[in-house]
Amino acid sequence: MDERLLDVIIGFAAFLTLIILLAVLPMVMPAGTAYLAAIIVFILFLSGAGYFVNAKIT
């Protein structure tokens, strides 16, 4: 698969994950903690995906 297309798909999936977490987590956690957790999961998702994409390319 083309690396650029894979990056776009990963970015879109990460954005959808962030939106879902921002909507769901405040229902089960205090608001401030939930938003922080959503951002941390988003960053970890993008970091992990970038690591695996780089490993696949090389």
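Every value quoted in this text rests on a predicted model; they were computed, and no experiment measured them. (Residues numbered from 1 in each chain as written. Predicted model: local features only at pLDDT ≥ 70, side-chain atom pairs only at ≥ 80, totals over all residues. Heavy atoms only, no water.)

**A short note on the packing of aromatic side chains**
Keep this limit in mind: Pairing of aromatic rings covers Phe, Tyr and the six-membered ring of Trp, with a centre-to-centre limit of 6.5 Å; geometry is then stacked below 30 degrees between planes, edge-to-face above 60, and tilted otherwise. A simple rule labels every residue: compare its accessible area, found with a 1.4 Å probe on the protein chains alone, to the largest value its type can have, and call it buried under 20%, exposed over 50%, or partly exposed in between.
Scanning the entire structure with this criterion turns up one aromatic pair. Taking 5.6 Å as the distance between ring centres and 70° as the angle between the ring planes, the aromatic pair formed by Tyr 51 and Phe 52 counts as edge-to-face. An identical accessibility class is assigned to Tyr 51 and Phe 52; each is exposed.

**Thoughts on a nonpolar patch on the surface**
Filter applied, for reference: Excluding any residue in a salt bridge, patches collect residues exceeding 30% relative accessible area, merging like charges within 9 Å and nonpolar Val, Leu, Ile, Met, Phe, Trp and Tyr side chains within 5 Å. The Shrake-Rupley method, run with a 1.4 Å probe, gives the accessible areas here. Residue values count only the displayed protein chains as cover. Salt bridge, as used here, is a side-chain nitrogen of Lys or Arg placed within 4 Å of a carboxyl oxygen of Asp or Glu. Secondary structure is summarised from DSSP: a helix means a run of H or I of at least four residues, a strand means a run of E of at least two, and numbering begins at the N terminus for each.
Taken together, Phe 12, Leu 16, Ile 20 and Val 24 make up a surface patch of nonpolar side chains, about 390 Å² in accessible area. Within the secondary structure layout, Leu 16 lies in helix α1 (residues 3-28).

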